[in-house]
Amino acid sequence: MGYTVAGEALLAGIVLLGSCVQWLTGMGFALVAVPALVLLLGSAQGVALANCACGAISVVGLASGWRQVRPAAMLPLCAAAACTVPAGTWTTRQLPEPVLLLLMGGLVTIAVLLVMRGARLPALRGAKGAVAAGMAGGFMNSAAGVGGPPVSLYAVNAGWTVREFVPNAQLYGVVVNAFSVGANGVPGLSAGRWGVVVGAMVVGGVIGRWLAGRTSEQRARTVVLGLALGGGVVAVGKGVVGL
């Protein structure tokens, strides 16, 4: 889509919605926004923009919650994620656009379904579970911009509450997106488009924080996962048509 008013409005809406749900649940920007960003900007630019936006939001969120971070659990998870980021970037650069859409949409759809089921997996427990989740998350984040679901599944299997999960998810977001931006680069947007993105992130953050105190955890989770599932299915369909 060109640099039209409709295109700018759509970009702003996608980023605003993603930012809102990120602040509402601690994670969710990529799940909600990546399929739409990929359709709007292309796979490389869409994933790179998601990496930048998620990283920036995570930095702001971590500034107020770093005292609740669990270093013993997060160190192996973040280190493992950093190791697999280059593999994810390399993989996406070898694949044609329709296949990338199928990959991204498929990863989002499968990840959402696993999270919705609250999958209990012995492999995602303890230090080995942190490493496994980190490796999967790093690869998925650089390849498709959606590295959060493995960490969510790890938290479920570790018995973390949402309050415990959010600050640790923010730390993970800072680390994995910093490495992903290093591997994928910064999207080549014009100054005007960057202004749209930043403005939408700010507005989305304000709305998300306001909603956080007025929305039950279960309702917020249902809305986020429903939006993410819809976006994943659309991306898969677009990929199939492109083939």
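Everything below is about the structure shown above.
All of these numbers come straight from a predicted model, not from anything done at the bench.

Visitor: Looking at this structure, how should I read the overall build of the protein chain?
Guide: For the protein chain, the count of helices and strands is 10 helices and zero strands. In the protein chain, the succession of helices and strands from N to C terminus is α-α-α-α-α-α-α-α-α-α. In terms of overall dimensions, the protein chain is globule-like: its C-alpha atoms have a radius of gyration of 16 Å, near the 18 Å expected for 243 residues. Taking the principal axes of its C-alpha atoms as reference, the protein chain extends roughly 45 × 40 × 30 Å. Taken over 243 residues, the protein chain has a buried fraction of 49%. With the model as given, the accessible surface of the protein chain reaches about 10800 Å², and the carbon-plus-sulfur share is 70%.

Visitor: Which parts of the structure should I look at to understand the environment of Pro150?
Guide: Structurally, the position occupied by Pro150 is in helix α7 (residues 148-158). The buried category is assigned to Pro150, whose relative accessible area is 9%. C-alpha of Pro150 to C-alpha of Val203: the two residues are 53 residues apart in sequence and 28 Å apart in space. Here Pro150 is in contact with Ala133, Ala136, Gly137 and Met140, once residues within four sequence places are set aside.

Visitor: What is the right way to read the pattern of salt bridges from this model?
Guide: Note on pairing: side chains with opposite charge can pair once their charged atoms come close. Under the definition given, this model contains one salt bridge. Taking the shortest distance from any N to any O, the salt bridge between Glu8 and Arg193 comes out at 2.8 Å. Placement of the pair is Glu8 in helix α1 (residues 5-25) and Arg193 in helix α9 (residues 191-212), with a sequence separation of 185 residues. Classification of Arg193 as buried rests on a relative accessible area of 3%.

Visitor: Quick question: what am I supposed to make of the packing of helix α2 (residues 29-41) against helix α3 (residues 43-65) here?
Guide: In a pair of packed helices, the angle between the axes and the distance between the axes together describe the arrangement. Contact pair α2 / α3: the axes reach a minimum separation of 7 Å and the direction vectors enclose 150°. Here α2 and α3 pass one another in a crossing that is right-handed. Taking contact as the criterion, the partners of Phe29, Ala30, Val34, Leu37, Val38 and Leu41 in α2 are, on α3, Ser43, Gln45, Gly46, Val47, Leu49, Ala50, Ala53, Cys54 and Ile57. Tallied by class, residues from the contact of α2 with α3 come to 12 nonpolar, three polar and no charged.

Visitor: Explain the side chain of Thr92 to me, please; I cannot follow it from the model alone.
Guide: Positionally, Thr92 belongs in helix α4 (residues 71-93). In this structure Thr92 comes out as buried when scored by relative accessible area, which is 13%.

Visitor: Which parts of the structure should I look at to understand the packing of α3 against helix α8 (residues 162-184)?
Guide: The interhelical angle for the contact between α3 and α8, taken along N-to-C directions, is 145°, at an axis separation of 7 Å. α3 and α8 meet at a crossing whose hand is left-handed. The residues of α8 that touch α3, namely those facing Val47, Ala50, Asn51, Cys52, Cys54, Gly55, Ile57, Ser58, Val59, Gly61, Leu62 and Gly65, are Pro167, Gln170, Leu171, Gly173, Val174, Asn177, Ser180, Val181 and Asn184. Looking at the contact of α3 with α8 residue by residue, the classes come out as 11 nonpolar, 10 polar and no charged.

Visitor: Explanation requested: the state of the cysteines in the structure shown.
Guide: Chemically, a disulfide is nothing more than a covalent bond linking the sulfur atoms of two cysteines. The full count for this structure, using the stated rule, is zero disulfides. Summary of cysteine pairing: Cys20 is not part of a disulfide, and the nearest cysteine sulfur, belonging to Cys54, is at 14 Å.

Visitor: Explain the nonpolar core here, please?
Guide: Side chains of nonpolar character tend, in soluble globular proteins, to be buried together. By size, the foremost hydrophobic cluster in this structure holds 55 residues, and its most contacted members are Leu11, Phe29, Leu37, Leu77 and Val146. Per element, the largest residue contribution to this core is nine residues, and it comes from α2. Excluding its chain neighbours within four sequence positions, the residues that come into contact with Leu11 are Leu37, Leu40, Leu41, Leu49, Arg193, Val196 and Val197.

Visitor: Mind showing me how you'd approach the environment of Gly147 here?
Guide: Its location among the elements puts Gly147 in the loop between α6 (126-144) and α7. On the accessibility criterion, Gly147 (1% relative accessible area) is buried. The sequence separation of Gly147 and Val108 amounts to 39 residues, and the corresponding C-alpha distance is 9.5 Å. Contacts of Gly147, omitting those with residues within four sequence positions, involve Gly137, Met140, Asn141 and Tyr172.

Visitor: Would you explain a nonpolar patch on the surface in this entry?
Guide: A surface patch of nonpolar side chains, amounting to about 260 Å² of accessible area, comprises Val198, Val202 and Val206. Looking at the element boundaries, Val206 is found in helix α9. In this structure Val206 comes out as exposed when scored by relative accessible area, which is 56%.

Visitor: For this particular structure, what's the right way to read α8?
Guide: Two residues of an α-helix separated by three or four positions point the same way, owing to the 3.6 residues in each turn. Turning to α8, its buried residues are Phe165, Pro167, Asn168, Ala169, Gln170, Tyr172, Gly173, Val176, Asn177 and Ser180. Of the surrounding elements, those touching the buried residues of α8 are α1, α3, α4, α6 and α7. Downstream of α8 by a residue or two, Gly185 has a phi angle that is positive, lying close to 85°.

Basis of the calculations
Note that residues are indexed from 1 along each chain, following the sequence as it is written. Residues qualify for local features only when their pLDDT is at least 70, as the model is predicted, and side-chain atom pairs are given and counted only at 80 or more; totals for whole chains, interfaces and linings, by contrast, use all residues. Excluding hydrogens and water, the side-chain values take into account all heavy atoms of the structure. Helical segments are the DSSP runs of H or I of at least four residues, strand segments are the runs of E of at least two, and each set is numbered from the N terminus. We compute the radius of gyration from the C-alpha atoms alone; for a globule the expected value is 2.2 Å times N to the 0.38, where N is the number of residues. A 1.4 Å probe rolled over the protein chains alone gives each residue an accessible area, and that area as a share of the maximum for its type sets the label: buried under 20%, exposed over 50%, partly exposed in between. Method for areas: the Shrake-Rupley scheme with a 1.4 Å probe, in which residue coverage is limited to the protein chains shown. By the convention used here, residues are in contact when the closest approach between their heavy atoms is within 4.5 Å. Salt bridges are counted wherever a side-chain nitrogen of Lys or Arg sits within 4 Å of a carboxyl oxygen of Asp or Glu. To get an axis, fit a line to the C-alpha atoms, keeping to the stretch in contact for a helix; angles then go from 0 to 180 degrees between the N-to-C directions. Crossings are assigned a handedness: left-handed for a near helix turned anticlockwise from the far helix by less than a right angle, right-handed for a clockwise turn. Under the scheme applied here, ten amino acids are nonpolar (Ala, Val, Leu, Ile, Met, Phe, Trp, Tyr, Cys and Pro), four are charged (Asp, Glu, Lys and Arg), and all others, including Gly, are polar. Our working definition of a disulfide is a cysteine sulfur pair at a distance within 2.5 Å. For the purposes of this section, nonpolar cores are sets of buried Ala, Val, Leu, Ile, Met, Phe, Trp, Tyr and Cys residues that join through side-chain atoms within 4.5 Å. Put simply, a patch holds well-exposed residues, over 30% relative accessible area, that have no salt bridge, with like charges counted together within 9 Å and Val, Leu, Ile, Met, Phe, Trp or Tyr side chains within 5 Å.

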